[in-house]
Amino acid sequence: MLRMFGDLPDASIRRKTADFADGRLYCKVLFCVSTRAPNPMTAPPTPPHPDPTPPPAAGLDAARQAPPTAPPAITPPPSALQQLDSLADEQENQQPLPATQAILRDARVPGWLVSGLLHGGVLLFLALWTVVGTTSNLFTIQARFEREEPTPIELTPPMDRPIVEIRQTDAMPDHAIEAAVEAVEFEKPEALTATAPTKPLDTIRKMIDGLQQPTSTPALRMRGNAGIEGRVAGKRQELAEKYGASDASEQAVEAALDWLVAHQQNNGSWDFDLSHAPCNGQCRNPRSNPDGQATPKTAATGLALLPFLGAGYTHRSGKHAETVSRGLYYLRSQLRDAAVGRELMHGSMYGHGIATLAVAEAYAMTKDEDLVGMLRDLQSFIVMAQHEKGGWRYNPGQPGDMTITGWQIMALKSCQIGGLPFPTSVHSRAEDFVTSLGSQQGSRFGYLEPVAEATPTAVGLLLQMYLSKPPGDAAIMEGCHYLYELGPSKTNVYFNYYATMTLHHARYYGFPEWNAKLRDYLVKTQSRRGHEVGSWHFTDRFGNVGGRLYSTAMCALVLETYYRYLPLWAEAEFPL
């Protein structure tokens, strides 16, 4: 850029060399020559003599020069052409300026633009600096979710109340119990041959097919009111006498219910661990769980509720209405939202399946509309949790096993009893899964593999009848022979529960002998001492984990088999 000489409007811009010639100012910018007419207000007048004297230098060390005492010697100025040649030589010797610097030093760029760019850049830098320094807090969201308390379902809320006193009876010595147990033996039939159905198999299948619901799967339904009408007042005693109960077994059921009432906690729940209130460890045989298996309180509560419902006591009727109401209240308070529906797992699908079964039976018996929404959510979670191959296990989506699958299918069938359809796809996959664990033409079943195991066989045969096969099926009858030959277990109440249900529903001809042995065994082994009155405890794999609460609930359910569910097959009362 050029440093201009003279008092010109753009004198603030640096100038190189200039000369006046013929009334014009010549200057060279970036190797280009431009002309500009002098400002008439500031240009010096043309001198009268032919050799003009250059004007004093403006701003070129002017402050340092002292005023001259005598006129300086006049030296002829170089011509304009000479000045331009000199400027060209200087430009050739100079290093080229960077592009940005060249632009900023260009005479054609206004000062206000340069200032604006510089200040704008500074402001932009400060703005970016501020954003970077506060970015970590810009997108931090803190929130707290509070679960809305469920609307009461007309159930009695938890309350403090005195512990129910258990009536005391004379304790039977342990050696007497053992002697009585050993005296109970089967009189096995001479030949174990399968009984033929009373109607041709094709006729049976057609009759069953006619019972299908439009919204459900082609599965075998329970008869009448789905088999639970035997629990109502008046029918319980009739069916108990018809299918093999005794006065002693009915008294044992009531004693077991009293024990369960006395061990319900103040919040309405039950717990497998009896070391704390209300039992405080007064009952012997504390549970042990060396493998650290999940023992959900929802499973304990659901399991304890089932014997009350099986005997006909609901939250709306009967002497145990308050106890059942408080148990259902607790289960509702434990509902947790899930991706689909709501769950009561407490760490295991055992908890969800057993609790859902209890809620489903309570709804089927009362048609309480306040329970139906809860039941739909629980059913939806079971459907979601099914593995693609049809089974269920401890966590949703895991490949299944026979026992946990059994509780889920029982829960879904009980939902169907109450009017909630059993989804077709879920039903068909569940049937395929149970079949996949079968062996010996479907008469034996395994826990995880198709091998012959006692408890999985009892579960598998029952599920086969619930899902597809009629009780008169040859494989079902062969499986019943297998269970009958094994006989009731003295310690495994899990096996006894499922095997008794299977023989009962199949109307197996050996059921009266099976029932008599197991019924009398349970009556004689029920505790009659102290705080344990009305309870059972058997030392085995399941009994140790579930403890006295598990054993008592399961034994009571076995003794309620006669009226809890009517047999799936009854010739005189067909259709089902």
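Keep in mind that what you see is a predicted model, and the values were worked out from it rather than measured. (Residues numbered from 1 in each chain as written. Predicted model: local features only at pLDDT ≥ 70, side-chain atom pairs only at ≥ 80, totals over all residues. Heavy atoms only, no water.)

(A) Structural context of the confidence of the model for the chain. Summing up the model confidence of the chain, the mean pLDDT is 75 and the portion of residues at 70 or higher is 62%. Within the model, pLDDT remains below 50 along residues 150-226, and this stretch shows 155 contacts once partners closer than five positions in the same chain are excluded. (pLDDT = per-residue confidence, 0-100. Contact = heavy atoms within 4.5 Å.)

(B) Just the packing of helix α12 (residues 402-417) against helix α13 (residues 424-436), in detail. The interhelical angle for the contact between α12 and α13, taken along N-to-C directions, is 150°, at an axis separation of 12 Å. With respect to α13, the axis of α12 lies roughly antiparallel. Where α12 crosses over α13, the handedness of that crossing is left-handed. Across from Met 402, Thr 405, Ile 409 and Leu 412 in α12, the residues of α13 making contact are Val 426, Ala 430, Phe 433 and Val 434. Across the contact of α12 with α13, the residue classes tally to seven nonpolar, one polar and no charged. (Axes fitted to C-alpha atoms, helices over the stretch in contact; angles between N-to-C directions. Helix = DSSP H or I, 4+ residues; strand = E, 2+ residues; numbered from the N terminus. Parallel < 35°, antiparallel > 145°, perpendicular 65-115°, else oblique. Left-handed = near helix turned anticlockwise from the far one by under 90°. Nonpolar A, V, L, I, M, F, W, Y, C, P; charged D, E, K, R; others polar.)

(C) Structural detail: helix α17 (residues 511-525). Here α17 contains 15 residues, and its C-alpha end-to-end distance of 21 Å stays within 8% of the 21 Å for a straight helix at 1.5 Å per residue. If you check which residues of α17 are buried, you get Phe 511, Trp 514, Asn 515, Lys 517, Leu 518, Arg 519, Tyr 521, Leu 522, Val 523 and Thr 525. (Expected span 1.5 Å × (residues − 1). Buried < 20%, exposed > 50% of the residue type's maximum accessible area, 1.4 Å probe, protein only.)

(D) Summary view of unusual backbone geometry. The omega angle of the peptide bond from Ala 277 to Pro 278 is 5°, so this bond is cis rather than trans. Mapped onto the secondary structure, Pro 278 falls in the loop between α7 (247-262) and α8 (297-310). A positive phi angle, close to 60°, is found at Asn 285, a residue other than glycine. Inspection of the secondary structure assignment puts Asn 285 in the loop between α7 and α8. Positive phi is not limited to glycine here, since Lys 367 has a value of about 55°.

(E) Spotlight on the side chain of Glu 250. Note on placement: Glu 250 falls in helix α7. Ignoring any residue separated from it by four or fewer positions in sequence, one finds Glu 250 in contact with Arg 236, Ala 240, Ala 245, Leu 559 and Tyr 563.

(F) Spotlight on the packing of aromatic side chains. This model, assessed by the stated rule, comprises eleven aromatic pairs. Their ring planes at 70° and their centres at 6.2 Å tell us that Trp 407 and Tyr 498 sit as a pair that is edge-to-face. Of this pair, Trp 407 sits in helix α12 while Tyr 498 sits in helix α16 (residues 493-505); the two residues are 91 residues apart in sequence, bridging distant segments of the chain. For the residue pair Trp 407 and Tyr 498, the accessibility class agrees, reading buried in each case. Feature note: the residues Trp 407, Tyr 494, Tyr 497, Tyr 498 and Phe 542 constitute an aromatic cluster, connected by ring pairs. The ring of Tyr 565 has Arg 231 lying over it, and the distance from NZ or CZ to the ring centre is 5.1 Å. (Phe/Tyr/Trp six-rings, centres within 6.5 Å; stacked < 30°, edge-to-face > 60°. Lys NZ or Arg CZ within 6 Å of the ring centre and 35° of its normal.)

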